[in-house]
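# Fold and contact review
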Amino acid sequence: MSDTISGRVAALGHVLPEPSAPAANYVAWVRSGNQVFISGQVPLKDGRCAYVGRLGDDVDVETGQQAAQLCALNILAHLAAAVDDDLSRVVRCVRLGGFVNAAPGFGDQPAVINGASNLMVEVLGEKGKHSRAAVGVSSLPRNAAVEVDAIFEVQ
């Protein structure tokens, strides 16, 4: 098994994207003590939002899970930058926060955010098990279907 984040991602058949640049006056991640806080990531691929729309209207749960998984890949790209891609420096994923662009009455936010949670555990193993929030919102930046942020404990 690989000792890098990018290696683990590749072993699962995914490509770790280049970390995206912040869209405004903030930073993509901040380290404070032994924690890395990663700003909310929308499902960007090749510089564009790959999944847009509202769950329960024009996006189904399976597509929402794919969007959440892409958000998690973007989170892992920033985590790799924060720890020089050294998996041994990651103690655990402490928390994932998931925001789902949801139509009124949509209630499957947890199922959608499972796309991010499952990938985190697949890549990090036991270190990927985390606390979580999965909430519905009326809109997201770029009309993204999903946004996910994360906190990691690192060495």
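Definitions and cut-offs
Residues numbered from 1 in each chain as written. Predicted model: local features only at pLDDT ≥ 70, side-chain atom pairs only at ≥ 80, totals over all residues. Heavy atoms only, no water. Salt bridge = Lys/Arg side-chain N within 4 Å of Asp/Glu carboxyl O. Buried < 20%, exposed > 50% of the residue type's maximum accessible area, 1.4 Å probe, protein only. Helix = DSSP H or I, 4+ residues; strand = E, 2+ residues; numbered from the N terminus. Expected span 1.5 Å × (residues − 1). Axes fitted to C-alpha atoms, helices over the stretch in contact; angles between N-to-C directions. Parallel < 35°, antiparallel > 145°, perpendicular 65-115°, else oblique. Left-handed = near helix turned anticlockwise from the far one by under 90°. Contact = heavy atoms within 4.5 Å. Nonpolar A, V, L, I, M, F, W, Y, C, P; charged D, E, K, R; others polar. Core = buried A, V, L, I, M, F, W, Y, C linked by side-chain atoms within 4.5 Å.

Two side chains that carry opposite charge are able to pair once their charged atoms sit near each other. For the coordinates displayed, the defined rule picks out three salt bridges. A salt bridge links aspartate 57 to arginine 54; the shortest N-O distance between them is 3.5 Å. Residue aspartate 57 is classed as exposed on the basis of its relative accessible area, which comes to 54%. Using a relative accessible area of 26% as the deciding quantity, one classes arginine 54 as partly exposed. Close ionic contact of lysine 129 with glutamate 126 constitutes a salt bridge, the shortest N to O distance being 3.1 Å.

With that settled, the discussion passes to helix H2 (residues 61–82). With 22 residues, H2 extends 31 Å between its outermost C-alpha atoms, agreeing within 8% with the 32 Å of an ideal straight helix rising 1.5 Å per residue. Where H2 ends, the next residue or the one after it, aspartate 84, has phi of about 55°, a positive value.

The N-to-C vectors of H2 and helix H3 (residues 109–124) enclose an angle of 40°; their axes lie 7 Å apart at closest approach. With respect to their mutual orientation, H2 and H3 come out oblique. The handedness of the crossing between H2 and H3 comes out as right-handed. Within the contact between the two elements, H2 uses Val61, Gly64, Gln65, Ala68, Gln69, Ala72, Leu73, Ile75 and Leu76 and H3 uses Ala111, Val112, Ile113, Gly115, Ala116, Leu119, Met120 and Val123. Of the residues contributing to the contact of H2 with H3, the split by class is 13 nonpolar, four polar and no charged.

So, about the nonpolar core. Counting 38 residues, the largest nonpolar core has Ile5, Leu79, Met120, Val146 and Phe152 as its most contacted members. Here this core takes eleven residues from H2, the largest share from any one element. Setting aside residues up to four positions removed in sequence, isoleucine 5 forms contacts with Leu76, Leu79, Ala80, Val83, Asp85, Leu87 and Val90. Grouped together as the second largest cluster of nonpolar side chains are five residues, Val42, Leu44, Leu140 and Ala144 included.

Purely spatial values, then, with no claim about function.
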